[in-house]
Amino acid sequence: MRCLIAAVLAGSTALAGYAKAADEMTIAVFTKNSTNPAYEAFRIAADQIARSTGARVVHFVPKKPDNVD
């Protein structure tokens, strides 16, 4: 979980500088399922980061949990 938080913070810092230069940026978020609370937290964090940088987020979550196809 610490690594996930660190990755989100690092990504938000990088995106903050880039988003100011771009007209509109789209972030694609891929998670393995919609049932794991950690993945839900990551999706919420991605939405918050996008909102703060003016980017758009597209979430990709399989309908069947943990189905990579």
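On a predicted model such as this, the values are computed, not experimentally measured, just so you know.

Engineer: Before we move on, could you go through the pattern of salt bridges and cite the residues and values that matter?
Structural biologist: Applying the stated criterion across every chain yields a total of 2 salt bridges. Here Glu24 and Arg56 are joined by a salt bridge, their closest N and O atoms 3.7 Å apart. One end of the pair, Glu24, is in the loop between helix 1 (2-21) and strand 1 (26-30); the other, Arg56, is in strand 2 (residues 56-60), with 32 residues separating them in the sequence. Residue Arg56 is classed as partly exposed on the basis of its relative accessible area of 43%. For Glu40, the salt bridge is made with Arg43, and the minimal N-O distance between the two is 2.9 Å. Taken together, the residues Glu40 and Arg43, both in helix 2 (residues 37-53) and 3 residues apart, mark about one turn of the helix. Exposure remark for Glu40: the relative accessible area of 35% places this residue in the partly exposed category. Judged by its relative accessible area of 8%, Arg43 falls in the buried class.

Cut-offs applied
In every chain, residue numbers begin from 1 and rise along the written sequence. Thresholds applied to this predicted model are a pLDDT of at least 70 for local features of residues and 80 or more for the giving and counting of side-chain atom pairs; totals over whole chains, interfaces and linings are not thresholded and use all residues. Only hydrogens and water are set aside when side-chain values are computed; all heavy atoms of the structure are taken into account. For this analysis, a salt bridge means a side-chain nitrogen from Lys or Arg found within 4 Å of a carboxyl oxygen belonging to Asp or Glu. A helix here means a DSSP run of H or I that spans at least four residues, while a strand means a run of E at least two residues long, and both kinds are numbered starting from the N terminus. Partly exposed residues are those whose accessible area sits between 20% and 50% of the maximum for their type, while under 20% is buried and over 50% is exposed, using a 1.4 Å probe and protein chains only.

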